[in-house]
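# Working through the structure, step by step
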Amino acid sequence: MNTKTTGELVQTAVAGERRAFESLVSRYSAMVTGVAYSLCGDFARSEDIAQEAFIETWKNLESLREPEKFAGWICTIARRRAIDVVRKSK
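This report concerns the structure included in the present document.

Reading the values: the criteria
Residues numbered from 1 in each chain as written. Predicted model: local features only at pLDDT ≥ 70, side-chain atom pairs only at ≥ 80, totals over all residues. Heavy atoms only, no water. Helix = DSSP H or I, 4+ residues; strand = E, 2+ residues; numbered from the N terminus. Rg over C-alpha atoms; globule rule 2.2 N^0.38 Å. Buried < 20%, exposed > 50% of the residue type's maximum accessible area, 1.4 Å probe, protein only. Core = buried A, V, L, I, M, F, W, Y, C linked by side-chain atoms within 4.5 Å. Expected span 1.5 Å × (residues − 1). Contact = heavy atoms within 4.5 Å. Polar contact = N/O pair within 3.5 Å; in protein donor to acceptor, adjacent residues only side chain to side chain. Phe/Tyr/Trp six-rings, centres within 6.5 Å; stacked < 30°, edge-to-face > 60°. Arc of directions from axis to C-beta.

Counting secondary structure elements, the protein contains 4 helices and 0 strands. Seen in sequence order, the protein has helices and strands lined up from the N terminus as α-α-α-α. Against the 2.2 N^0.38 benchmark of 12 Å for 90 residues, the protein shows a C-alpha radius of gyration of 13 Å, consistent with a compact globule. The principal-axis extents of the C-alpha atoms in the protein amount to approximately 40 × 25 × 20 Å. Burial statistics for the protein: of 90 residues in total, 32% are counted as buried.

Spelled out as structure tokens, the structure:
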């Protein structure tokens, strides 16, 4: 079991440790998928949105100034992606 805080995991992932990012994905994937599902109403699509959100997060992780706020940041990314998907489907 990983006992590191979210902030510590983010800092370790920024330093290049992929396992730290994998721990973040494991820790937050259900929440991120839930955020996406609440907006799009489609479970399979919400999983795709969550995956895209984590990819975007990985690419921009070093721009997160306050690592302990990772959860809110990734949820915002997922929410924006889900909104885009819903708009495009209308």
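For the rest of this paragraph, the subject is the nonpolar core. Across soluble globular proteins, nonpolar side chains have a tendency to be buried as a group. Ranked by size, the top nonpolar core spans 19 residues in total, and within it Leu 24, Val 32, Phe 54 and Phe 70 carry the most contacts. Of all the secondary-structure elements, those providing two or more residues to this core are helix 1 (6-14), helix 2 (18-40), helix 3 (43-60) and helix 4 (70-89).

The next point concerns helix 3. The first and last C-alpha atoms of helix 3 sit 26 Å apart over 18 residues, in line with the 26 Å expected at 1.5 Å per residue. On its buried face, helix 3 is in contact with helix 2 and helix 4. Where helix 3 begins, one side-chain oxygen reaches toward the backbone nitrogen of Ala 44, 3.0 Å away; that side chain belongs to Asp 42.

Looking at the element boundaries, Ala 30 is found in helix 2. Residues Ala 30 and Cys 40 lie 10 residues apart in sequence; the distance between their C-alpha atoms is 15 Å.

For the structure on display, the rule yields 4 aromatic pairs. Ring centres of Tyr 28 and Phe 70 lie 5.5 Å apart, and the angle between their planes is 55 degrees; this geometry places the pair in the tilted category. Here the residue Tyr 28 occupies a position in helix 2, and Phe 70 occupies one in helix 4, the gap between them amounting to 42 residues. There is no split in this pair, since Tyr 28 and Phe 70 are both buried. An aromatic cluster of three or more residues is present, and its members are Phe 21, Phe 54 and Trp 58.

Bringing helix 4 into the picture now. For helix 4, spanning 20 residues, the distance from its first C-alpha to its last is 29 Å, which sits close to the expected 28 Å at 1.5 Å a residue. Among the residues of helix 4, those classed as buried are Phe 70, Ile 74, Cys 75, Ile 77, Ala 78 and Ala 82. The buried side chains of helix 4 occupy one side of the element, clustering within an arc of 160 degrees when seen end-on. Exposed and facing more than 90 degrees away from the buried side of helix 4 are Arg 80 and Arg 87. Where helix 4 is buried, its residues contact helix 1, helix 2 and helix 3.

Read these as spatial facts, not as claims about activity.
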